[in-house]
Amino acid sequence: RRSDACGFDFAVRGVDGLAIEVKGLKPLRGEIQFTDREWAEARARRTLYLLVVVGNLAAEPVARVIPDPATALKAASSQQVTVATVWRS
């Protein structure tokens with residue numbers, strides 16, 4: 001579901017509403033960034049939203065599943081302005 005921009009990476013056939021988001025970290029631990037859409041889906045789906053964090057990608061990857069990340073994780077939001085380059089001819 002990644003290309004759908006629906007706020008998660010995978011859905012599961014036969015399990016209505018289950019959403020899985022996968023994040024990778026080069027070190028074992030670190031900060032995870034969510035898009036506003038991902039966080040909104042996590043808050044709406046609660047226990048039907050699973051976050052899979054794969055850490056230690058630089059050496060021996062370790063996966064951790066975090067159910068209901070909107071409740072399980074402390075998060076703070078910030079806003080940023082993006083500069084885009086546009087080409088016209």
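Residues numbered from 1 in each chain as written. Predicted model: local features only at pLDDT ≥ 70, side-chain atom pairs only at ≥ 80, totals over all residues. Heavy atoms only, no water.

A. A look at the layout of surface pockets. Put simply, the largest pocket is a space of about 840 Å³. Every residue lining the largest pocket is counted, 24 residues in all, and those nearest its centre are Glu 31, Ile 32, Gln 33, Phe 34 and Leu 73. A total of four residues in the lining of the largest pocket trace back to one element, the largest contributor, which is strand β4 (residues 62–67). Per-class residue counts for the lining of the largest pocket are 12 nonpolar, seven polar and five charged. (1 Å grid on protein atoms, 1.4 Å probe; cavity = no way out; pocket = protein on both sides within 12 Å on 5 of 7 lines; lining within 4 Å. Points joined across faces, edges and corners; volume = space filled by probe spheres on them. Helix = DSSP H or I, 4+ residues; strand = E, 2+ residues; numbered from the N terminus. Nonpolar A, V, L, I, M, F, W, Y, C, P; charged D, E, K, R; others polar.)

B. Focus on the pairing of strand β2 (residues 19–24). Sheet topology places strand β1 (residues 10–11) next to β2; two bridges connect them, and they run antiparallel. From the neighbouring strand, Phe 10 faces β2, where its bridge partner is Ile 20. Pairing of β2 with strand β3 (residues 49–55) involves six bridges; the strand directions are parallel. Bridged to Gly 24 within β3 is Val 54. A crossover links β2 with its parallel partner β3, the connecting element being helix α1 (residues 36–45), and its sense is right-handed. (Pairing = 2+ DSSP bridges. Right-handed = clockwise from strand over helix to strand, strands pointing away.)

C. Quick look at the nonpolar core. Grouped together as the largest cluster of nonpolar side chains are seven residues: Cys 6, Phe 8, Ala 19, Trp 39, Ala 42, Tyr 49 and Ala 70. Apart from the residues lying within four places of it in its own chain, the contact partners of Ala 19 are Phe 8, Phe 10, Arg 45, Leu 48, Tyr 49 and Leu 50. (Core = buried A, V, L, I, M, F, W, Y, C linked by side-chain atoms within 4.5 Å. Buried < 20%, exposed > 50% of the residue type's maximum accessible area, 1.4 Å probe, protein only. Contact = heavy atoms within 4.5 Å.)

D. Just the pattern of salt bridges, in detail. Applying the stated criterion to the full structure yields five salt bridges. In this structure, Glu 41 engages Arg 37 in a salt bridge whose closest nitrogen and oxygen atoms are separated by 3.4 Å. Within this pair, Glu 41 and its partner Arg 37 are both found in helix α1, separated by four residues, close to a single helical turn. Accessibility expressed as a relative area gives 13% for Glu 41, which makes it buried. One salt bridge in this structure joins Arg 45 and Glu 41, with 2.6 Å as the shortest N-O distance. Of the two residues, Arg 45 and Glu 41 are both situated in helix α1; the distance of four residues between them amounts to about one turn of the helix. On the basis of relative accessibility, which here comes to 24%, the residue Arg 45 falls in the partly exposed class. In the salt-bridge network here, residues are joined through shared partners; they are Glu 21, Lys 23 and Glu 38. (Salt bridge = Lys/Arg side-chain N within 4 Å of Asp/Glu carboxyl O.)

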